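Descriptive analysis of the structure
Here are the chains, one letter per residue:
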Amino acid sequence: MNEYSETNSEQPEISEQQEVTEQLPKTSGESENKADENKRLSDREVMEHTANIWQYTEIIDDGTEMHSEFHEKFSKTAFGNIIGARVRGKAHKHNGTNCDDYFETAFTENFAAAVVCDGAGSQRLSRIGSRISAQSAASYLKNNLSELFSKDASIKDRLCADISSEEFMSACGSIASLVQNSAKEALKAQNDELLKLENDERYLNVLGRKPVISDMSTTFLAAVVVPLNDGKQRFTACVQIGDGCICALDTKENGERSVKLMGEADSGKFSSETVFLSQNTVSDAAIASKTRVSRGSSDIIMIMTDGVADDYFPAVPMMQRLYIDLCLNGILPMGGDKTPKAPAPISYPAVSAERQNVALQYAKQLAEDTSPESMKTLWEKRDMLGAYSLEAYDISIGEKPEERLRVWLDNYNERTSFDDRTLVIIDFKVSE
Amino acid sequence: MSDYLRRLPVYLLLDCSGSMTGEPIEAVKQGLKTLLSELKSDPQALETAYLSIITFDSTARQICPLTELFSFKEPQISAGGATALGGALKVLAECIKNEVRLSTNEQKGDWKPLVFIMTDGAPTDDIDEGINALKQVSAGNIIACAAGANANTEPLKKITNNVLMMNNLTTGDMAQFFAWVSSSVKLSSKSVEAKPGEAVVLPPPPQGFVIVP
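**Observations concerning the overall build of chain A**
Regarding its fold elements, chain A presents 11 helices and 14 strands. Within chain A, the proportion of its 432 residues that are buried is 50%. Here the analysis covers contacts within chain A between residues at least 6 apart in sequence; of these, 73% occur between residues at least 24 apart.

Here's what the structure looks like:
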């Protein structure tokens, strides 16, 4: 396959490598409470304990815009399925706050588009920023890509041309610039919304002042995928501003070659340091460095907020584990014999009003450890893990794929993972 | 996946100099007990917060390395000697350097550390060296509390902009201080998904405490 991938950026800045050492610092006295004298609980033991302490609290209505507890969406297209869901994180449920994530998708017979946004947890109106941004960008992409394809009948052929040719570059540039413009459009829509809210008493009361644009801070991840050559190849153009992950997975490939990252997370030295959609980040110079285009045979495109991405870090190779988790839990098809084999799925009580137990399977239960070698071995068995799937255990977490995605997002447990979670999957495998 | 566990490191720097003898040091011990019990009832703190204690008298030492709450044992502490706050800052810098993980391409870093300093006097050593050592590491958010009438806020203001003054050194006041530390840790662990570049958000200080401008 002719594989092409590029970024317009210079080499991304790599965080300073720091060797982690267990050695205690040299102090002038003796340490009386050494870590190794204490029994360290496993993450699972800690989560089994905290599972019973998490509380479910309804969203507190302060008169400003409220977001639903969750949202799910499924679209069947001529070239594959788009499955998306977002859920309110455990911390938001515990504290009675809104889900700040939002996503929107769009498609025609020529393309699929998805926009995923994560409103800043520290900003009171970020959920509005994420909603407005996702909706306006998806709408912009749908309108403008439709127009582009209708006006320029040759664009698909040009996207199939030699990657060094002028034809390819101009077609690639046309689509990439629309994705970049969708981010600018999202910021403009935020400003328009701000004008509506700034004299609204409900917002003045909640904030104690007039709302400003930074109250709506959100990350922005947009992906456009164009099927080429009767669906054998895909052209993908993405813009990622802030954390989260856009990943193109080729499930026919082995090893790390199967994972292609379509964005940079802009993370800082500490967890949760990121950037947002702003005049600075959508400037021509800045957005060029946040744009990636690719042509190849990747058959699964996943766009997610950090609530999911952080649980699958580093993305190479952990996005392979995410794919296997989606298959084990019935969101994507899973092959292999379905006679159940241990280890069985693990149950935790849902953080919901009902607190029912939800059993889910975890790919990491099937790997020896989290080393790249173990992930490689697991990935090589990806089509033969049916015996560990929920289906093998006769467990159903929903009638439809989007419902299963939502229930899975809402209930998988990782220690220190309690943010909102959003994942959109563009699945071309089903059409192959 | 403990390899990638993101922790909220919390460092307590406690003054154990001679002037803390008697009721104050007993109040500190009781405060620590309450702090642990409070934090253990909060799921976010339980999953994320790791606690370390550094004490200082004539010298400074880390008596509890950064340890998760489930495994944390209350340390034996006693009062006596001078006030080596500068030494404590150097120990803190060394601990942060060795214990706090920064983000790399392979691992998610810890959350920004939360540091609480409690002292009832004035440092008897040079604190500038300690402040310089702290500048070499990303110390995170530092909150200093000057406890009692003899505490000097000036050196603390050189360390951080967040300085609180506790007027008395009674058991009740100390209990309030630790309750406030507990609320601050809970609030920080609640907002761990909060994004960067902002000043640390702390609960309002307890009654009788004054924020030093």
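**Some remarks on the overall build of chain B**
A count of helical and extended segments in chain B gives six helices and seven strands. For 213 residues, the compact-globule formula gives about 17 Å, and the C-alpha radius of gyration of chain B, at 16 Å, lands near that figure. Expressed as a percentage of its 213 residues, the buried residues of chain B come to 56%. Summarising the internal contacts of chain B: among those between residues at least 6 apart in sequence, 76% fall at separations of at least 24.

**As for the sheet that holds strand S2 (residues 70-76) of chain A**
The pairing of strands in a sheet happens through backbone hydrogen bonds and is either parallel or antiparallel. Residue and element names in this part refer to chain A. The strand order across the open sheet formed by six strands is S2-S3-S14-S11-S8-S9, and the pairing between neighbours is antiparallel. At either end of the open sheet lies a strand with only one pairing partner, and these are S2 and strand S9 (259-261). Averaged over all adjacent pairs, the angle separating strand axes in this sheet is 15 degrees, with direction ignored. Sheet topology note: the S2/strand S3 (residues 81-87) ladder contains seven bridges and is antiparallel. Looking at the pairing, Phe70 lines up with Val87 of S3. Where helix H9 (residues 315-328) meets the sheet, its contacts fall on strand S8 (245-249), S9 and strand S11 (300-304), and the angle it forms with S9 comes to roughly 115 degrees. Sitting on the sheet, helix H11 (residues 401-411) is in contact with S2, S3 and strand S14 (421-427), with an inclination near 35 degrees to S3.

**Details of H11 of chain A**
Residue and element names in this part refer to chain A. The buried fraction of H11 is high, at 10 of 11 residues. Those residues of H11 that sit buried are Pro401, Glu402, Arg404, Leu405, Arg406, Val407, Trp408, Leu409, Asp410 and Asn411. Packed against the buried residues of H11 are S2, S3, strand S12 (346-349), strand S13 (357-360) and S14.

**Re the nonpolar core**
Residues Ala113, Ala114, Ala183, Ala223, Val224, Cys247 and Met302 of chain A are the most contacted members of the largest nonpolar core, which totals 107 residues. Not counting residues up to four positions away in its chain, the partners in contact with Ala223 of chain A are Ala113, Ala114, Thr236, Cys238, Ile246, Met262, Ile301 and Ile303 of chain A. Membership of the second largest hydrophobic core comes to 69 residues, among which are Ile53, Val91, Ile127 and Phe177 of chain B.

**Topic: the packing of helix H3 (residues 126-151) of chain A against helix H5 (residues 166-197) of chain A**
Residue and element names in this part refer to chain A. Following both chains from N to C, one finds H3 and H5 inclined at 140 degrees, their axes separated by 8 Å at the closest point. As the angle between them shows, H3 and H5 are arranged oblique. When the axes of H3 and H5 are compared, the crossing they make is right-handed. Residues Ile128, Gly129, Ile132, Ser133, Ser136, Ala137, Tyr140, Leu141, Asn144, Leu145 and Leu148 of H3 form the contact with H5, whose own contacting residues are Ser174, Leu178, Asn181, Ser182, Ala183, Glu185, Ala186, Ala189, Gln190 and Glu193. Here the residues of the contact of H3 with H5 are counted per class, giving 11 nonpolar, eight polar and two charged.

**What about the environment of Glu106 of chain B?**
Residues and elements named next belong to chain B. With respect to the element layout, Glu106 can be found in the loop between helix H3 (85-99) and strand S4 (114-119). Overall, the presence of 13 C-beta atoms within 10 Å leaves Glu106 in the partly exposed class. In this structure, the C-alpha to C-alpha distance between Glu106 and Val181, residues 75 residues apart in sequence, is 32 Å.

**Structural notes on the sheet that holds strand S5 (residues 141-147) of chain B**
All names here are of chain B. Taking strand neighbours across the sheet as the criterion, the seven strands line up as S3-S2-S1-S4-S5-S6-S7 in an open arrangement whose pairing is mixed. Where the open sheet ends on each side, the last strands, each with one partner, are strand S3 (60-68) and strand S7 (209-212). The average undirected angle you get between the axes of adjacent strands in this sheet is 20 degrees. Sheet topology places strand S1 (residues 8-15) next to S4; five bridges connect them, and they run parallel. Looking across to S4, one finds that Leu12 is bridged to Phe116.

**Comments concerning unusual backbone geometry**
Residue and element names in this part refer to chain A. In this structure, Pro317 follows Val316 across a cis peptide bond, with omega equal to 10 degrees. Relative to the helices and strands, Pro317 resides in helix H9. Look at the link from Ala342 to Pro343: it is a cis peptide, with omega at 5 degrees. By the secondary structure assignment, Pro343 is in the loop between H9 and S12. If you check the backbone angles, Arg355 has positive phi at about 55 degrees while not being a glycine.

**Brief notes about the confidence of the model for chain B**
Residue and element names in this part refer to chain B. For chain B, mean pLDDT is 85; residues scoring 70 or higher make up 92% of the total. Here S7 is the element of chain B with the lowest mean pLDDT, 75, and H3 is the one with the highest, 96. Confidence drops under pLDDT 50 across residues 193-199; counting only partners more than four residues distant or on other chains, this segment forms 19 contacts. Across the assembled chains, the prediction reports ipTM 0.79 with pTM 0.87.

Conventions and cut-offs
- Residues numbered from 1 in each chain as written.
- Chains lettered and ligands numbered in written order.
- Predicted model: local features only at pLDDT ≥ 70, side-chain atom pairs only at ≥ 80, totals over all residues.
- Helix = DSSP H or I, 4+ residues; strand = E, 2+ residues; numbered from the N terminus.
- Buried ≥ 20, exposed ≤ 12 C-beta atoms within 10 Å, placed from the backbone.
- Contact = placed C-beta atoms within 7 Å.
- Rg over C-alpha atoms; globule rule 2.2 N^0.38 Å.
- Pairing = 2+ DSSP bridges.
- Axes fitted to C-alpha atoms, helices over the stretch in contact; angles between N-to-C directions.
- Core = buried A, V, L, I, M, F, W, Y, C linked by C-beta atoms within 7 Å.
- Parallel < 35°, antiparallel > 145°, perpendicular 65-115°, else oblique.
- Left-handed = near helix turned anticlockwise from the far one by under 90°.
- Nonpolar A, V, L, I, M, F, W, Y, C, P; charged D, E, K, R; others polar.
- pLDDT = per-residue confidence, 0-100.

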